[in-house]
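# Per-entry structural report
Given next are the chains, with one letter for each unit.
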Protein chains: 2
Amino acid sequence: MTEVLLEITDADLDAIEIGAAILGTGGGGNPYIGKLRCREELKKGHRIPVIPLDQLADDALIVSLGGIGAPVVGVEKIEEGRECLRALRAIEKELGVTVDALISAEIGGANSMEPMLTAAQAGLPVVDGDGMGRAFPEMQMCTWSIYGHREVPSALADEKGNIVVIRDTPDDLWLERIARHVVVAMGAAAGLAIQPMRGDFVRSAAIPGTITRVRNLGRAVLDAHANNADPVQTVIEQECGRLLMTAKIVDLERHLKGGFAVGHLALEGFGRFSGNVGRIDLQNEFLVFHLNGQVQVCTPDLIVVLDSDSGLAITTEMLRYGQRVAVVGLPSHALMRTPEALEVVGPAAFGYPEIPFTPIEVD
Amino acid sequence: MTEVLLEITDADLDAIEIGAAILGTGGGGNPYIGKLRCREELKKGHRIPVIPLDQLADDALIVSLGGIGAPVVGVEKIEEGRECLRALRAIEKELGVTVDALISAEIGGANSMEPMLTAAQAGLPVVDGDGMGRAFPEMQMCTWSIYGHREVPSALADEKGNIVVIRDTPDDLWLERIARHVVVAMGAAAGLAIQPMRGDFVRSAAIPGTITRVRNLGRAVLDAHANNADPVQTVIEQECGRLLMTAKIVDLERHLKGGFAVGHLALEGFGRFSGNVGRIDLQNEFLVFHLNGQVQVCTPDLIVVLDSDSGLAITTEMLRYGQRVAVVGLPSHALMRTPEALEVVGPAAFGYPEIPFTPIEVD
């Protein structure tokens, strides 16, 4: 269909795992199992070609897909590995079409790997981009939905042979609600594929270049490890971010609410942040960072919690009392900062109507 | 397709309402709203032709459909009225077929009316029979499922425009589980249509003649009212049943568990049952009747609680402390008493493995 930008290698998978976990901002699930499955596919001789976003044909059919479920379930319930492929086949059958390429709904976390895995299984390319540029907990928080693509019909498939097609809904919020209930019935983890999008739409609505971006980010962290450089500083430079705090986790409250991990963590600064207190509110992802009682960064900008030594991301379910972390803020993509986007992914959408969104670059 | 047995009239609807509520054995929801909707359709000049079971062509396509949800929700949330029609259209579209006739999954309670309502809307006939001969809480408790028809794909539709197709499941228990979750997302009430059945299968698997049966039962009760005869005795004679107890409700425990009303009622006999104590265990439907500590009747045989004066059925959600009732036992159909059926609808299937099924006729 178009030139191949890169062919994913084993080394790329290791780098993508690291970079995608960082953009997961605490949520999105762990990419580790997906990486192992992709590696298996490469061993079998299957390929994962990545194609550039800007060369998609107008009428190419692109399916956005990924795993859906509570990340905390992913810790114990390992995917069988073909859930997303089954969901893809179900949506092709539903519409009587053949899909040309896959794209990630969410580059942050486990869903960085799912389209690559399905691409290897189905013999399709993956588009270099995604629908969030990070992780978010719900389907309507995707640029596809924000910029006018109706995600129905969508298909869900699990490892047991259950296949459900959500054929029509009044809007994507209803899709999210019904899909979430179906996933719970399926055991809290499933693959989901949405109605195919046209190439011209994807070119305008996708966050561009995010596969190469997480690959480069991960590579930079690995290089820092090899060269005894500061990996946290590397992440900040690579992503044009800002160090918000180096701190110890001194309190942690986290509970499951409607399938989401909701809570906050309290931080006590060390190093040059000694004497400062921080707080992060979370709903699967880290949503709001307060320093000494003042909001510093909020969604859709990225709040990333890194191990202060290794620079590797710590996900919400892996947070522990006493951990020494570096909190880093990264700017979100312009497509996530428009009025239409902020209505869906801004602070008010997550229950913080009192917090105005101020881009991290403006201090 | 075949000769019409009867054309449902206004008077038939009143009689069916009474008869269907009695066979509801406490569950199945109230047929009243459905009756009013059917009446509206008749007023518009639409017809509800009933065709006999034994004359279905082998290759006729019959869809079993009905409402799904918690009966207690039906008390407050009134159906919009075209949910089952939308589910029917969704299943026709899914398979690319045109359906020849409709049949009730469950003659007891509200689902007696749903296929008649949809028939009037779609210009189709209704088959004189159903899949339970009573009410039961779950889809796999239908003769269709018991005798080998796979109910997937099934389609669910609600009043808001949501349409979900459950395309494949490992078995009908998974279908029930997923459908139940979808219904909860839809607001606890939806229309459901299953994969069409062939006429030859329906002839062998349906409980025969149940529309005319509930119509005749309701008529007999109305006649008893008009003639100052004993309506409870009338029900017993009409249905070859047995009076189990005349009693006052002296205790009532009922709570929602997984969308079902679960509990029991305690009875203190009066009249010739004075000095006796009774107990009915319920899960939406009345499942086990004990007299003085001994099991007298159990599922799949029918335990019916009637107002002791009017002979009208009292549903689980309408039970009240102090009510004077007649408890009547009715034999279930032979299709519900085979080993295959008892595995799904016998006492053990409802959590009473210690109770053997003994037909009510054997005392």
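Let me begin by describing the structure that accompanies this report. (Residues numbered from 1 in each chain as written. Chains lettered and ligands numbered in written order. Predicted model: local features only at pLDDT ≥ 70, side-chain atom pairs only at ≥ 80, totals over all residues. Heavy atoms only, no water.)

### Digging into the overall build of chain A
- Within chain A, the secondary structure is distributed over eleven helices and 17 strands.
- Taken against the 2.2 N^0.38 rule, which gives 21 Å for 363 residues, the C-alpha radius of gyration of chain A at 19 Å falls within 12% of a compact globule.
- For chain A, the spread of C-alpha atoms along the three principal axes comes to 60 × 45 × 35 Å.
- Burial statistics for chain A: of 363 residues in total, 61% are counted as buried. (Helix = DSSP H or I, 4+ residues; strand = E, 2+ residues; numbered from the N terminus. Rg over C-alpha atoms; globule rule 2.2 N^0.38 Å. Buried < 20%, exposed > 50% of the residue type's maximum accessible area, 1.4 Å probe, protein only.)

### A short note on the pattern of salt bridges
Residues and elements named next belong to chain A.
- Counted according to the given criterion, the structure contains 44 salt bridges over all chains.
- Measuring nitrogen to oxygen at the nearest pair gives 3.6 Å for the salt bridge that ties Lys43 to Glu40. With Lys43 and Glu40 both in helix 2 (residues 32–43), this residue pair falls three residues apart, about one helical turn.
- The exposure class assigned to Lys43 is exposed, which follows from its relative accessible area of 64%.
- One salt bridge connects Glu361 with Arg337, and the closest N-O pair in it is separated by 3.0 Å. In this pair, Glu361 sits in the segment after helix 11 (339–345) while Arg337 sits in the loop between strand 17 (324–330) and helix 11, placing the two residues 24 residues apart along the sequence.
- Where salt bridges share partners, they join Asp10, Asp14, Glu17, Lys35 and Arg39 into one cluster. (Salt bridge = Lys/Arg side-chain N within 4 Å of Asp/Glu carboxyl O.)

### Brief notes about the packing of aromatic side chains
- Taken as a whole and judged by the stated rule, the model has two aromatic pairs over all chains.
- Geometrically, the ring pair formed by Phe136 of chain A and Phe350 of chain A is stacked, given 5.8 Å between the ring centres and 25 degrees between the ring planes. Residue Phe136 of chain A is found in the loop between strand 5 (126–130) and helix 6 (143–146), and its partner Phe350 of chain A is found in the segment after helix 11; the two are separated by 214 residues along the sequence. Considered together, Phe136 of chain A and Phe350 of chain A belong to a single accessibility category, that of buried residues.
- Between Arg134 of chain A and the ring centre of Phe136 of chain A, over which it is positioned, the NZ or CZ distance is 4.0 Å.
- When the ring centre of Trp174 of chain B is taken as origin, the NZ or CZ atom of Arg177 of chain B, which lies over that ring, is 4.2 Å away. (Phe/Tyr/Trp six-rings, centres within 6.5 Å; stacked < 30°, edge-to-face > 60°. Lys NZ or Arg CZ within 6 Å of the ring centre and 35° of its normal.)

### Remarks on the pairing of strand 14 (residues 285–291) of chain A
All names here are of chain A.
- The buried fraction of strand 14 amounts to seven of the seven residues, a majority that puts the element mostly inside the structure.
- Pairing of strand 13 (residues 277–283) with strand 14, which is carried by six bridges, proceeds in the antiparallel orientation. When the bridges of strand 14 are listed, Gln283 appears paired with Glu285.
- The antiparallel pairing of strand 13 with strand 14 creates a hairpin that spans one residue between the two strands, and Asn284 there sits at a positive phi of about 65 degrees.
- In this structure, strand 14 lies alongside strand 15 (residues 294–298), joined through four bridges in antiparallel fashion. Following the sheet pairing, His290 is matched in strand 15 by Val295.
- Taken together, strand 14 and the strand that follows it, strand 15, pair antiparallel across an intervening segment of two residues, in which Asn292 is found at a positive phi of about 50 degrees. (Pairing = 2+ DSSP bridges.)

### Considering the relation of the copies chain B and chain A
- Each copy superposes on the other: chain B lies on chain A with an RMSD of 0.0 Å after a rotation of 180 degrees and an axial shift of 0.1 Å. In the structure described here, the two chain copies are related by an operation that fits a two-fold rotation axis.
- Residue by residue, 100% of the interface of chain B is reproduced at the interface of chain A, so both copies engage with the same surface. (Least-squares fit on C-alpha atoms with pLDDT ≥ 70 in both. Contact = heavy atoms within 4.5 Å.)

### A few points about the interface of chain B and chain A
- With 22 residues of chain B in contact, the opposing surface of chain A contributes 22 residues.
- Here chain B packs against chain A, burying approximately 2000 Å² in sum over the two surfaces, 60% of which is carbon and sulfur.
- Considering only the side of chain B, the residues that lose the most area to chain A are Arg167, His181 and Ala185 of chain B, jointly responsible for 30% of the buried surface there.
- Between chain B and chain A we count two salt bridges in total. (Buried area = accessible area lost by both parts, 1.4 Å probe.)

### Considerations on the environment of Thr212 of chain A
Residues and elements named next belong to chain A.
- Following the sequence through the fold, Thr212 ends up in helix 9 (residues 210–226).
- Residues Thr212 and Leu6, spaced 206 residues apart in sequence, show a C-alpha to C-alpha distance of 8.7 Å.
- Contact partners of Thr212, with chain neighbours within four places excluded, come to Leu5, Leu6 and Asp128.
- At 2.7 Å, the side chain of Thr212 and the side chain of Asp128 are in polar contact. (Polar contact = N/O pair within 3.5 Å; in protein donor to acceptor, adjacent residues only side chain to side chain.)

### Brief notes about the sheet that holds strand 17 (residues 324–330) of chain B
All names here are of chain B.
- If you trace the seven strands from one edge of the open sheet to the other, you get 15-14-13-12-11-17-16, paired in antiparallel fashion. With partners counted over all chains shown, the strands left at the sheet margins are strand 15 (294–298) and strand 16 (302–307), one partner each. Mean inter-strand twist for the sheet, computed between neighbouring axes without regard to direction, equals 35 degrees. (Axes fitted to C-alpha atoms, helices over the stretch in contact; angles between N-to-C directions.)

### Topic: the side chain of Thr210 of chain A
All names here are of chain A.
- Among the secondary structure elements, Thr210 is positioned in helix 9.
- Note on Thr210: relative accessible area 0%, which makes it buried.
- Ignoring any residue separated from it by four or fewer positions in sequence, one finds Thr210 in contact with Ile107, Asp128, Gly129, Asp130 and Gly133.

### Notes on the packing of helix 4 (residues 83–95) of chain A against helix 5 (residues 114–122) of chain A
All names here are of chain A.
- Orientation of helix 4 relative to helix 5, taken along the N-to-C sense of each, is 70 degrees, at an axis distance of 9 Å. Between helix 4 and helix 5, the angle falls in the class roughly perpendicular. Relative to helix 5, helix 4 is oriented so that their crossing is right-handed. Contacts between helix 4 and helix 5 involve Cys84, Leu85, Leu88 and Arg89 from the first element and Glu114, Thr118, Gln121 and Ala122 from the second.
- For the contact of helix 4 with helix 5, the per-class residue count stands at four nonpolar, two polar and two charged. (Parallel < 35°, antiparallel > 145°, perpendicular 65-115°, else oblique. Left-handed = near helix turned anticlockwise from the far one by under 90°. Nonpolar A, V, L, I, M, F, W, Y, C, P; charged D, E, K, R; others polar.)

### A closer look at helix 9 (residues 210–226) of chain B
Residue and element names in this part refer to chain B.
- Here helix 9 contains 17 residues, and its C-alpha end-to-end distance of 24 Å stays within 8% of the 24 Å for a straight helix at 1.5 Å per residue.
- Burial in helix 9 covers these residues: Thr210, Ile211, Thr212, Val214, Arg215, Leu217, Gly218, Ala220, Val221 and Ala224.
- Each element contacted by the buried residues of helix 9 is listed here: strand 1 (6–7), helix 1 (10–23), strand 2 (49–51), strand 5 (126–130), strand 10 (207–208) and helix 10 (231–238).
- Where helix 9 ends, the next residue or the one after it, Asn228, has phi of about 55 degrees, a positive value. (Expected span 1.5 Å × (residues − 1).)

### Examining the sheet that holds strand 12 (residues 260–269) of chain A
Residues and elements named next belong to chain A.
- Across the sheet, which stays open at both edges, the seven strands sit in the order 15-14-13-12-11-17-16 with antiparallel pairing between neighbours. The open sheet has two edge strands with one neighbour each: strand 15 and strand 16 (302–307). Going from strand to strand, the sheet's axes swing by 35 degrees on average, the running direction of each strand aside.
- Bridging between strand 12 and strand 13 involves seven bridges; their strand directions are antiparallel. Following the sheet pairing, Gly263 is matched in strand 13 by Leu282.

### Regarding the packing of helix 9 of chain B against helix 10 of chain B
Residue and element names in this part refer to chain B.
- Helix 10 packs onto helix 9 with a crossing angle of 150 degrees between their chain directions and a minimal axis gap of 9 Å. With respect to their mutual orientation, helix 9 and helix 10 come out roughly antiparallel. Here the hand of the crossing between helix 9 and helix 10 comes out right-handed. Seen from helix 9, the contacting residues are Asn216, Leu217, Ala220, Val221, Ala224 and His225; seen from helix 10, they are Pro231, Thr234, Val235 and Gln238.
- Tallied by class, the residues present in the contact of helix 9 with helix 10 amount to six nonpolar, four polar and no charged.

### A word on helix 7 (residues 172–185) of chain A
Residue and element names in this part refer to chain A.
- For helix 7, spanning 14 residues, the distance from its first C-alpha to its last is 20 Å, which sits close to the expected 20 Å at 1.5 Å a residue.
- Among the 14 residues in helix 7, ten count as buried, and that is most of the element.
- All buried positions along helix 7 are accounted for by Asp172, Trp174, Leu175, Glu176, Ile178, Ala179, Arg180, Val182, Val183 and Ala185.
- The backbone nitrogen of Leu173 has a side-chain oxygen 3.1 Å away, supplied by the residue at the start of helix 7, namely Asp171.
- Just downstream of helix 7 lies Gly187, where phi reads positive at about 105 degrees.

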